[in-house]
Amino acid sequence: MKDVFYATCPPGLEFVAAGEIEGKGLGRVVEVREGKGRVFFRSSWQNVPRLNCLLRSVERIVFLLGRERAEGLEDVYRIVRGIDFSFIRPEWSFAVRATRVGEHDFTSIDIGRVAGKAVIDSYMEEKGVRLRVNLDEPDVIVRCDLIDDDFMVGIDTTGDVGLHKRRYRVYQHPAPLNPVLAASLVYLSGWSPTKSLLDPFCGSGTILFEAGMIARQIPICRFRKDFAFTRFFDSLPEVEEKDVELRLYGIERFRKHLEGARAIADYTGIHPVFLEGLAERIEDHLERVDFIITNPPYGLRIGKKKIIEDLYSGFLHSASKVLEEKAVVITAEREIFERYAEECFPDFLRYDVKYGGLLTGVYVLKA
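Residues numbered from 1 in each chain as written. Predicted model: local features only at pLDDT ≥ 70, side-chain atom pairs only at ≥ 80, totals over all residues. Heavy atoms only, no water.

Chemist: Account for the overall build of the protein chain, naming residues and giving values.
Modeler: The secondary structure content of the protein chain amounts to 10 helices and 15 strands. Considered along the principal axes of its C-alpha atoms, the protein chain spans approximately 70 × 45 × 35 Å. Taken across its 367 residues, the protein chain has 54% of its residues classed as buried. Considering only contacts within the protein chain whose residues lie at least 6 apart along the sequence, 75% involve residues at least 24 apart. A gap of 2 Å separates the mean positions of the 52 positive and 57 negative side-chain charges of the protein chain. (Helix = DSSP H or I, 4+ residues; strand = E, 2+ residues; numbered from the N terminus. Buried < 20%, exposed > 50% of the residue type's maximum accessible area, 1.4 Å probe, protein only. Contact = heavy atoms within 4.5 Å. Lys, Arg positive; Asp, Glu negative; His and termini not counted. Charge placed at Lys NZ, Arg CZ, Asp CG, Glu CD.)

Chemist: An account of empty space enclosed by the protein is needed here, citing residue identities and associated values.
Modeler: Under the criterion given, the structure shown has one cavity of 30 Å³ or more. Roughly 40 Å³ of volume is contained in the largest cavity. Lining the largest cavity are Trp 45, Asp 139, Val 140, Ile 141, Ile 155, Asp 156, Thr 157, Ala 228, Phe 229 and Phe 232. A class-by-class count of the residues in the lining of the largest cavity yields seven nonpolar, one polar and two charged. (1 Å grid on protein atoms, 1.4 Å probe; cavity = no way out; pocket = protein on both sides within 12 Å on 5 of 7 lines; lining within 4 Å. Points joined across faces, edges and corners; volume = space filled by probe spheres on them. Nonpolar A, V, L, I, M, F, W, Y, C, P; charged D, E, K, R; others polar.)

Chemist: Lay out the packing of helix α1 (residues 14-23) against helix α5 (residues 179-189) in plain terms, naming residues and giving numbers.
Modeler: In contact at an axis separation of 10 Å, α1 and α5 are set at 75 degrees when each is read in the N-to-C sense. Relative to α5, the element α1 is oriented roughly perpendicular. Note on element contacts: α5 touches α1 through Ser 184, Tyr 187 and Leu 188, opposite Phe 15, Val 16 and Glu 20. Looking at side-chain class alone, the contact of α1 with α5 contains four nonpolar, one polar and one charged residues. (Axes fitted to C-alpha atoms, helices over the stretch in contact; angles between N-to-C directions. Parallel < 35°, antiparallel > 145°, perpendicular 65-115°, else oblique.)

Chemist: Tell me what's going on with the packing of aromatic side chains, and back it up with residues and numbers.
Modeler: For the coordinates displayed, the defined rule picks out 19 aromatic pairs. A ring pair is formed by Tyr 168 and Phe 223, whose centres lie 6.1 Å apart and whose planes are at 70 degrees; its orientation type is edge-to-face. Of this pair, Tyr 168 sits in the loop between β8 (150-156) and α5 while Phe 223 sits in the loop between α6 (206-216) and β10 (248-252), and the two are 55 residues apart along the sequence. Each member of the pair, Tyr 168 together with Phe 223, is buried. Between Phe 227 and Phe 229, the aromatic rings sit 5.0 Å apart at their centres with planes inclined by 20 degrees, giving stacked as the arrangement. The same class applies to Phe 227 and to Phe 229, which are both buried. (Phe/Tyr/Trp six-rings, centres within 6.5 Å; stacked < 30°, edge-to-face > 60°.)

Chemist: How would you explain the environment of Pro 193 if you had to name every residue and give the values?
Modeler: Considering the arrangement of structural elements, one finds Pro 193 in the loop between α5 and β9 (197-199). Spatially, the C-alpha atoms of Pro 193 and Leu 65 are 39 Å apart, while their sequence positions differ by 128 residues. If we skip the residues at most four places from it in the chain, Pro 193 touches Ala 215, Glu 245 and Leu 246.

Chemist: Describe the sheet that holds strand β3 (residues 38-43), naming the residues involved and giving the relevant values.
Modeler: The eight strands lie next to each other as β2-β3-β1-β4-β8-β7-β5-β6, forming an open sheet whose pairing is mixed. One side of each edge strand has no neighbouring strand; the edge strands of this open sheet are β2 (28-33) and β6 (132-133). Relative to β3, strand β1 (residues 3-8) is paired through six bridges, and the arrangement is antiparallel. Pairing of Tyr 6 across the sheet is with Phe 40, part of β3. (Pairing = 2+ DSSP bridges.)

Spelled out as structure tokens, the structure:
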């Protein structure tokens, strides 16, 4: 029987992560917790390096050790205490990272404290050794997630730094899009490398770079090496990258962001065509484009509602003039966006996605 893992991902886009896991042959999905940002799947422990380096729509890979219903801290202790942690070497240190979602009369800190004691007690019984706790730089991270009464215990194979930290951003945009979400939007769109792709609010180019890396099969470990799984594995996976021609375009109104995007392009080896201009005037730069994927500014970043309305109206009307196939847009300004989308793209779908503490809409628009 295969081992069980769970991957965390943007809540609302679990189905995208599930599709990538199975589409890349890295596991068989057994449960999707819709709206909870978790996908459970069966795979092999030997797949751990590839899971962390090849999956672009997930933030963390956890090897599941136990999962039961828990209502109080006594259940937390009992469940963790019953797990065999003898695979941890006596000279290694550990830390518990706890997450709590729902209504409880205790905190995530309480869960971490009780679970930590249970790990120590379990190991002492098995090995006769008291495991060292290191909260800053542990050798092993025990992940304890309590979602309502669903309690999960596992080994975090990714580490404290999630997979959204790709390490290729040599320029930092003031409001960058999470690369995991960017990759999810690319998958959701159905874009393929034979088609042209435009981001008319490209900023520092995250969506375009993620698309390029998906197309060329560039693994996350090309730019980062700091994974928790390296404590258990001697090497990173070898991946054969593809050399494919890409038609990637980005429009940005601020020159400093374009210069930053070009610096990232030089670092990654993926070179979209970056154009200085306005998303409301796409036709000034491109006559036709197959796909549009973008993350336009929200009201929190811009301020006045009238500015947002003019921006969204102009962008959607301009996009309707050049789009050949499909557009995917994420925004927290759902009411305004839908008002103008209905004028230009009446055939659209919306997925509710939690991102950065906001409930956003991810829209799929058909030309």
